[in-house]
Amino acid sequence: MLNFDELRELAADVRVFVDVAEDKAAALRSVIDAYDVVLAIFPSGDGMGLHVIKGKAILDGIAKSGSIYSHTAIAVPDLEHAEVLKYLTAPVDQRIAA
């Protein structure tokens with residue numbers, strides 16, 4: 001079960017890390033590379049929307065096994081931004097296939 005307060009705190013930490021970096025894109029890429037699972041969070045009509053940026057296969061496996069994984073969250077304004085972030089940070093071979 002996801003703890004939305006934890007995700008908001010993680011996203012706030014990521015925002016601070018990226019804000020203080022000279023190269024914000026590199027900082028964001030380093031955050032995504034550092035975690036097994038990265039979720040984008042954004043305001044939604046239902047409260048909070050979620051989109052998996054990285055780690056869908058891990059989440060699927062955890063649902064079946066209860067494994068432990070590292071995770072973080074990144075705040076974005078909406079689902080479209082989450083999808084673009086996912087695309088831009090995917091390995092090159094996956095971007096070409098899309």
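Definitions and limits used
- Residues numbered from 1 in each chain as written.
- Predicted model: local features only at pLDDT ≥ 70, side-chain atom pairs only at ≥ 80, totals over all residues.
- Heavy atoms only, no water.
- Buried < 20%, exposed > 50% of the residue type's maximum accessible area, 1.4 Å probe, protein only.
- Helix = DSSP H or I, 4+ residues; strand = E, 2+ residues; numbered from the N terminus.
- Arc of directions from axis to C-beta.
- Contact = heavy atoms within 4.5 Å.
- Polar contact = N/O pair within 3.5 Å; in protein donor to acceptor, adjacent residues only side chain to side chain.
- Pairing = 2+ DSSP bridges.
- Axes fitted to C-alpha atoms, helices over the stretch in contact; angles between N-to-C directions.

**Some details on helix H2 (residues 24-34)**
So, step 1. Residues of H2 that are buried include every one of Ala-27, Val-31 and Ile-32, and no others. Taken around the axis of H2, the buried residues stretch over an arc of 135 degrees, which confines them to a single face.
So, step 2. Elements in contact with the buried residues of H2: helix H1 (4-20), strand E1 (37-44), strand E2 (47-54), strand E3 (71-75) and helix H4 (79-89).
So, step 3. Two to three positions downstream of the cap, the backbone nitrogen of Ala-25 sits 3.3 Å from a side-chain oxygen, assigning the N-cap of H2 to Asp-23.

**Things to note about the sheet that holds E2**
So, step 1. Strand order in the open sheet formed by three strands is E2-E1-E3, and the pairing between neighbours is mixed. Two strands in the sheet have a free side with no partner beyond their single neighbour: E2 and E3. Strand-to-strand twist across the sheet, computed as the mean angle between neighbouring axes with direction ignored, equals 30 degrees.
So, step 2. For E1 and E3, the ladder comprises five bridges, and the chain directions are parallel. Its bridge partner being in E3, Val-38 is matched across the sheet by Thr-72.

None of this, on its own, says anything about what the molecule does.
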